[in-house]
Every structure is written in C-alpha cells, then in structure tokens.
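The chain contents come next:
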Amino acid sequence: MTTPDIAARRALRACAALVIGALTLTACGWSANADNEDGKGGKDSAASAAKIVISAKDGSSGASINTTGVKVSDGKLTDVKMTLADSGEAVPGSLSADGGSWKPKEQLERGTKYEISASAKGVDGRTVAADSTFTTVSPANSFIGTYTPDDGTTVGVGMPVSFNFDKAISDKKAVQSHITVTSSSGQKVVGHWFGEQRLDFRPEEYWKAGSKVTMKVDLDGVEGANGVFGVQKKTVTFTVGRSQVSTVDVDTQTMTVVRDGKTIKSVPISAGSAEFTTYNGQMVISEKFTKLRMDSRTVGLDNAYNIPDVPHAMRLTQSGTFIHGNYWYNKGNPPFGRQGTSHGCVGLQDVQGGQGDTPSKWFYDNSILGDVVIVKNSPDKTVTPDNGLNGWNMAWSEWVAGSAA
C-alpha cells in the first residue's frame, strides 16, 4: 500500500484507460449538439454525408475525463484539435487507423475547461466541421478510490483488494456492482464495506498460491452519492505468489515460518511487554521499509521512544504494529526467544544499518506484501478486521453480510 501522496497519484493513473463509448449520463455521453447539425459546420456541412459527434456536449460542465473524444460517420476525420481553453495549450491525441475516431492520448484533468474543433470529409467528398467547449467533472462532484495491490505485482496469499474512496459513498450497491474481482483459482470473491469509504474484497480462505487475480473497475459516470460521480475505468491484474504464513507464539517468543505447507525456519522474537501487549490474530504485511523512523508520539505513547532508523520494518496494522529489526536491545541479556520487551511490535535481532546477516534481515528478504503473520497466545485482544488489511479476522458469514451487491 502506498503513502497518501503516492496513492493519490496512482489513483489518477489507475483511471487512465481511454474508451470511446456511450454513457447513460448526458453530461458524459456523446452529444448530438456538437455535430454538423448545430449550425457550427463548414460551408458544405449541410450537404455533406459525414456527421461529426463530439462526446462532450458544448457548454457541458460534467464531461468525462476518460471517454471524451470525437467520432465521425460516413466519412473520415481530417483534423482534430483539442486545447486547454484558458491557455490554448494543445492536448495531444490519436486518430484511429480507419479515421473514424479520435481520442486524447492522456486522461483529462478534472474540473478543467477544454475546446475541441474537428473537421472531416464525407464519402461524398464534401467537408464538415464541428466544435465544442466544455468543462470536465469537478473534484467536488467526483470521487476516486485509491487501491491496493498495484497492477502487475506479486503478493502473498493474504493480500485483499482494498479500496479507499476520497468521498463518502451512499449508494454502495451502485459502486460495488461496478467493481468485479475474479481469480483464476475459481475462488468466490466477495466485497465488504468498512464504513462509507472503504471496500475490501477477499475469498473465504487465503488466495490459492500461483493464482491470477483480475480487478475490473468501471466507475466512470457511476453516481456514488448525490451528485458525486466516479471517474475511474481500469483493469488491474496481480499474481498470488508462494504461500507464506508465519506464526508468532508469544508463550515461547518464537516465530515459525511456513512456506507452501513446510516449515522453513524458526525465528526467536521479542513481542510486546506485559504493559504493551501485541495484538492476537491474522495480520497481513501491507508495507515494507528497509529503514523507518518510529516515534511513540504518533501512537499516543508520549516520549516512550523515538528511533530514527528502525531496520527491516514491515507494517501489520494501521495503528502502528510492525514486525521489525531491533539493534538497541541489551547485548548482555538478549530478549529474543525469552521475553517480550517491545511496545506492541514483534522484534527480531538486528544490527544498526540493517546490513548484517541477522534473523531480521532474513525475514525481511524472504517476505512480500500480502504475506500473513499470525500472533497467538498474547494476553491482548484480537486485532479488528479494519485495522490494516486484516479482514481475515472476520467470520465469512459476517463478511458476506457486509456486502452491498
């Protein structure tokens, strides 16, 4: 999962698919008012067989950032110019091989005024022209979902598909029905809403190792709340890698790493202390950092610690639980495999800088996003399903009950 700034950029990239087609929304659909019958055609337009249609209606204020383009029937486009209305800057585009359509090369910006002028030659040899000035849907009247995992990645068997929308969704059924997640394994995948802005998808059991998962997002023009429309249209695929599930036993202060059903390593750890216990439950690695500053003030623990270079840190919860390296332990009395001494994280032996051949570096190098870490026998409660990517801690019946589709 990316940081908020990167996630926002990725969300814009994620909806960059440009598809020429009709939408049910007038503002985002193909407009008959921008063709050669609106009085804006060339001198021969009345007699030309060709008919130009610009998808964004002239004067519209909610045009699609994905599907805006130009089509012609009974002729071929000879010239299309698209510019930013305020600056006159050209917007690059591409013409189809048969000359029948044109579309921008990049996704348009939200809340931006554009101009399109197009000309074509009909099958009868006569010319026709059309133009349109319009504004794309504004950020205030649209919503975007940042998601994980990224397209083309390989993840562990515990990685859910998780959407976080930038606006509250009131019509959850409409939004969920326009996102489909399927697996080559044939596993049934169901969505579950956590509040009004988060939607996760997972199968009943962990993904099958080696399977391919496809997520199709078709939210462009979908009304998620009153007057607020989606702008994303994208297909994302990712691969589920080998199965790795590591179990931390707080009673023995050890972690057993199981890959594809076989134990490959037992690692001494130091879990939370008696005062700051570690959550129980199934937790998914959602982020990895070779080095990370950890400041206790960010998790409400005043000045308990402030370590600028925690090595090999991997996030397990959004509230601040990590599995990470520890180089500041008492060298005369190492706690690993013997005693819980952390503030709730799972610590592994490491060295400052993280360059040594240590248990922490081994586990970091052998882990990928989506791997599962299970904690058991801790005196703490079970982690809540929405604290991180940890929906596996919810019973399947309850998960399905939270679906809007």
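Report on the accompanying structure. On a predicted model such as this, the values are computed, not experimentally measured, just so you know.

### Points about unusual backbone geometry
And then number 1: Here the amide bond leading from Thr148 into Pro149 is cis, since omega sits at 0 degrees, within 30 degrees of zero.
And then number 2: Here the phi dihedral of Asp260 falls at roughly 50 degrees; this positive angle occurs in a residue that is not glycine.
And then number 3: Looking at the secondary structure, you find Asp260 in the loop between β20 (254-259) and β21 (262-268).

### Focus: the nonpolar core
And then number 1: With 31 residues, the main nonpolar core has Phe163, Phe165, Ile179 and Met215 as its most contacted residues.
And then number 2: Elements with a minimum of two residues in this core: β11 (161-165), α2 (172-176), β12 (179-183), β13 (189-194), β14 (198-203), β15 (212-218) and β18 (233-240).
And then number 3: In this structure Met215 touches Tyr147, Val161, Phe163, Ile179, Thr180, Val181, Lys234, Thr235 and Val236, once residues within four positions along its chain are discounted.
And then number 4: In this structure, Ala50, Ile52, Ala120 and Ile144 belong to the second largest nonpolar core, which totals 24 residues.

### Concerning the packing of aromatic side chains
For any two aromatic rings, the description comes down to two numbers: the centre-to-centre distance and the angle of the planes.
And then number 1: Per the stated rule, a full pass over the model turns up 10 aromatic pairs.
And then number 2: Taking the centre distance of 5.8 Å and the plane angle of 45 degrees together, the rings of Tyr147 and Phe163 count as tilted. With Tyr147 in strand β9 (residues 145-148) and Phe163 in strand β11, this pair connects stretches of sequence that are 16 residues apart.
And then number 3: The exposure class assigned to Tyr147 is buried, which follows from its relative accessible area of 5%.
And then number 4: A residue is classified by how much of its surface remains accessible, and Phe163, at 0% relative accessible area, is buried.
And then number 5: Pairing Phe165 with Trp193 gives two aromatic rings, centres 5.9 Å apart and planes at 25 degrees, and the pair type is stacked. With Phe165 in strand β11 and Trp193 in strand β13, the pair connects residues that are 28 residues apart, well separated along the chain.
And then number 6: You can call Trp193 buried: its relative accessible area is 7%.
And then number 7: Following the ring pairs from residue to residue traces out a cluster consisting of Phe143, Tyr147, Phe163, Phe165 and Trp193.
And then number 8: Above the plane of the ring of Trp399 lies Arg202, whose end atom (NZ or CZ) is 4.5 Å from the centre.

### Digging into the sheet that holds strand β7 (residues 127-135)
In a beta sheet, neighbouring strands pair by backbone hydrogen bonds and run either parallel or antiparallel.
And then number 1: One open sheet holds the three strands; their spatial order is β3-β6-β7, and the pairing between them is antiparallel. Because the sheet does not close on itself, it has two edges, and the strands there are β3 (75-84) and β7. Taking the axes of each pair of neighbouring strands and ignoring which way they run, one obtains an average angle of 15 degrees across the sheet.

### Overview of the pattern of salt bridges
And then number 1: Inspection of the entire model under this criterion finds six salt bridges.
And then number 2: Note that Lys81 and Asp79 form a salt bridge whose closest N and O atoms lie 2.8 Å from each other.
And then number 3: Between Asp371 and Arg242 there is a salt bridge, and its shortest N-O distance comes to 2.8 Å. On the criterion of sequence distance, the pair formed by Asp371 in the loop between α3 (359-365) and β27 (372-376) and Arg242 in the loop between β18 and β19 (244-249) is long-range, its members being 129 residues apart.
And then number 4: Classification of Asp371 by relative accessible area gives buried; the value is 1%.
And then number 5: Assessed through its relative accessible area of 21%, Arg242 is described here as partly exposed.

### Focus: the environment of Ser403
And then number 1: When you line up the elements, Ser403 lands in the segment after α4 (396-401).
And then number 2: Residues Ser403 and Phe201, 202 residues apart in the sequence, show an inter-C-alpha distance of 9.4 Å.
And then number 3: If we skip the residues at most four places from it in the chain, Ser403 touches Gln176, Val190, Gly191 and His192.

### Observations concerning the side chain of Ser64
And then number 1: Of note, Ser64 is situated in the loop between β1 (51-54) and β2 (70-73).
And then number 2: Only 2.7 Å separates the side chain of Ser64 from the side chain of Asp220, close enough to count as a polar contact.

### With respect to the pairing of β14
And then number 1: Most of β14 sits out of view: six of its six residues are buried.
And then number 2: Relative to β14, β13 runs antiparallel, the two sharing six bridges. When the bridges of β14 are listed, His192 appears paired with Asp200.
And then number 3: As consecutive antiparallel partners, β13 and β14 are separated by three residues, and within that stretch Gly195 has a phi angle of approximately 75 degrees, a positive value.

Rules behind the numbers
Residues numbered from 1 in each chain as written. Predicted model: local features only at pLDDT ≥ 70, side-chain atom pairs only at ≥ 80, totals over all residues. Heavy atoms only, no water. Helix = DSSP H or I, 4+ residues; strand = E, 2+ residues; numbered from the N terminus. Core = buried A, V, L, I, M, F, W, Y, C linked by side-chain atoms within 4.5 Å. Buried < 20%, exposed > 50% of the residue type's maximum accessible area, 1.4 Å probe, protein only. Contact = heavy atoms within 4.5 Å. Phe/Tyr/Trp six-rings, centres within 6.5 Å; stacked < 30°, edge-to-face > 60°. Lys NZ or Arg CZ within 6 Å of the ring centre and 35° of its normal. Pairing = 2+ DSSP bridges. Axes fitted to C-alpha atoms, helices over the stretch in contact; angles between N-to-C directions. Salt bridge = Lys/Arg side-chain N within 4 Å of Asp/Glu carboxyl O. Polar contact = N/O pair within 3.5 Å; in protein donor to acceptor, adjacent residues only side chain to side chain.

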